[in-house]
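Fold and geometry: a report
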Amino acid sequence: MSKPVRVRFAPSPTGPLHIGGVRTALFNYLFAKKNGGTFYLRVEDTDQNRFVPGAEKYIMESLEWLGIAPDETVGKNEKFGPYRQSERKHLYKEYADQLIKSGWAYYAFDSAEKLDELRKIDEANGKTFIYNHSNREHLDNSLTVDAVEVAKRISAGADYVIRFKTPVGEILELNDMIRGDVKFDTNLLDDKVLFKSDGMPTYHLANIVDDHLMETSHVIRGEEWLPSLPLHVLLYRAFGWEAPKFAHLPLILKPVGNGKLSKRDGDKLGFPVFPLEWKDPVSGETSSGYREKGFLPEAVINFLALLGWSSGTDQELFTLDELVNVFDLSRVNKAGAKFDPEKNKWFNHQYFQRADNAVLAKDFSHELLQKGINKPIDFVTEVVRLVKERATFASELWDLSAFFFEAPIAYDEKASKNFKPETEDLMQQLTVVLENILDFSSENIENTVKCWMTENEIGMGKIMQPLRLSLVGSLKGPHLFDIIAMIGKEETITRINKAIENFK
Ligand code: GLU
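These figures come from a predicted structure and were not determined experimentally.

**Concerning the UniProt feature "domain: Glutamyl/glutaminyl-tRNA synthetase class Ib catalytic" (unreviewed entry) in the protein**
Under the UniProt annotation, the feature "domain: Glutamyl/glutaminyl-tRNA synthetase class Ib catalytic" (unreviewed entry) is placed at residues 5–344. Overall, residues 5–344 shows 32% helix and 15% strand. The separation of its end C-alpha atoms is 31 Å.

Structure representation (structure tokens):
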């Protein structure tokens, strides 16, 4: 029987979660749900130097906002806890020791200065220094220093690291669920540091130990970790553990040109690359977030799902549940996926149209109240229904609908030419027609006004444009008779009279 599906998102809390990280979390979530498995979040905070306060909370809040919260994490179903690596610190030493004992790792005492010096010498000779099989027998480590001396140094508190002893001359033929077979020559690998004398494991050791102890079945992560794959697979071999299956997701590329979409690109190019707004605790600099920019979580999810994955059909709009149903790692592309900010907005427009008018109206009412406008919720809901088709974000509602709430204070200059000398008389006649309408519904107003125009042989353009200009202040807006019905007879006539005065 195959192992139950358990996948993880393992961010390091070094700052806000980049959209690439969110996509990794999403694909893990989809894979877990599709396969009836578990999606857990492990906080990889072993690198104390890069720890940023608030980042962990930010990551959790982002996933919750997007609706892809993990099943297990810090403070939630801690079946395999703790879920923060800093709280698992006591676990790792024994595993590092185990590798020393089995000959898969060794102590290295080389000082940072010494390694720097060697680096410089190699650089001067056009070479890159790597601590590996070719020079480890000549450096200051437990392969060259005898065991008694090693023990003496360690008990005297000497600084050391534990390095992995990479096997020599082997071609590793590994499988990636997205890339297929990938080969690595172990001679090209360096002997990575696994553990430091400050008692902290490095990412590589902690990651493998935890993936094993937390029973991870599949590792789905960004392509930037592909170079670590051979080391990770060798570590599983060294421990005698069965390795999980691996899938490395394609990079997310800049909208134009080449290269990875960076944390800095977003605000530079005018779109967010973070789910939530982030204020850097050190620099105080603020980076914009999808939530605050008015994106709907469903739109962000849908957009991200299609960054590097395709359903194989023309369908573009998917709810999270639909994505769970159709998601398949085999349809993830190998090539990088270009980030398209316009498409991003298109998705928001689509979901904005589907959003519940009453819900949108509730938020919009708050905005109106701040402007001193207090209208019944049904009225605001109807306004939202009438204008939303032109909106991509809730923040656009006011500009699209202000005339429902207040008379225009100015008239669009270009459009003003529609108010001709003969318009005044026609508008005056129109106010009489409107005055006499009893059933002031959009349909009835439209029928009555159109009948009056036909009977008097008045052309459409002579009435409709100056009328719109009088009510809206420009030639924009939804169906004119809907506006008239909404603002009511009295206000309509007042606005027409005001325009007549203005254009006299
Ligand atoms: N902590 C690593 C990161 O920040 C996790 C990489 C992995 O998923 O193995 O991306």
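**Considerations on the side chain of Arg8**
Take Arg8: it is sitting in strand E1 (residues 6–9). The class for Arg8 is buried, based on a relative accessible area of 3%. In this structure the side chain of Arg8 is engaged in a polar contact, spanning 2.9 Å, whose partner is the side chain of Asp211. With residues up to four places along the chain from it excluded, the contact list for Arg8 reads Asn28, Phe39, Tyr40, Arg42, Asn207, Asp211, Thr216, Val219, Ile220 and Arg221.

**Quick look at the nonpolar core**
Grouped together as the largest cluster of nonpolar side chains are 109 residues, with contacts concentrated most on Phe404, Phe405 and Ile463. At nine residues, helix H1 (residues 19–34) tops the list of elements feeding residues into this core. Excluding its chain neighbours within four sequence positions, the residues that come into contact with Phe404 are Phe379, Val383, Leu386, Val387, Pro478, Ile483, Met486 and Ile487. Within the second largest apolar cluster, 36 residues are counted, among which are Tyr92, Phe184, Leu226 and Phe246.

**Things to note about the sheet that holds strand E7 (residues 193–196)**
On the basis of which strands lie adjacent, the open sheet formed by three strands has the order E3-E4-E7 and antiparallel pairing. Both edges of this open sheet fall to strand E3 (105–108) and E7, since each of them pairs with a single strand only. Strand-to-strand twist in this sheet, taken as the mean axis angle between neighbours without regard to direction, amounts to 25 degrees. Across three bridges, the pairing between strand E4 (residues 161–164) and E7 is antiparallel. Considered in E7, the bridge of Arg163 is made with Val193.

The rules we used
- Every residue gets a number counted from 1 within its own chain, in the order that chain's sequence is written.
- Residues qualify for local features only when their pLDDT is at least 70, as the model is predicted, and side-chain atom pairs are given and counted only at 80 or more; totals for whole chains, interfaces and linings, by contrast, use all residues.
- Side-chain numbers come from the whole structure's heavy atoms, not from hydrogens or water.
- UniProt positions are given in the numbering used here, feature names are shortened, and annotations may be inferred rather than shown by experiment.
- The secondary structure listing takes helices from DSSP runs of H or I that are at least 4 residues long and strands from runs of E that are at least 2 residues long, numbered from the N terminus.
- The rule is simple: take the accessible area with a 1.4 Å probe, protein chains only, and divide by the maximum for that residue type; under 20% is buried, over 50% is exposed, in between is partly exposed.
- The term polar contact refers here to a pair of N or O atoms within 3.5 Å; inside protein, the definition further demands a hydrogen-donor-capable atom paired with an acceptor-capable atom, and it admits residues adjacent in sequence only when both atoms are side-chain atoms.
- Contacts were defined at the residue level, with two residues in contact if any of their heavy atoms lie within 4.5 Å.
- Buried Ala, Val, Leu, Ile, Met, Phe, Trp, Tyr and Cys residues form a nonpolar core when they are joined through side-chain atoms within 4.5 Å.
- Only when DSSP finds a minimum of two bridges between them are two strands counted as paired.
- Geometry is summarised by axes, namely lines fitted to C-alpha atoms with helices restricted to the contacting stretch, and by angles between N-to-C directions that run from 0 to 180 degrees.

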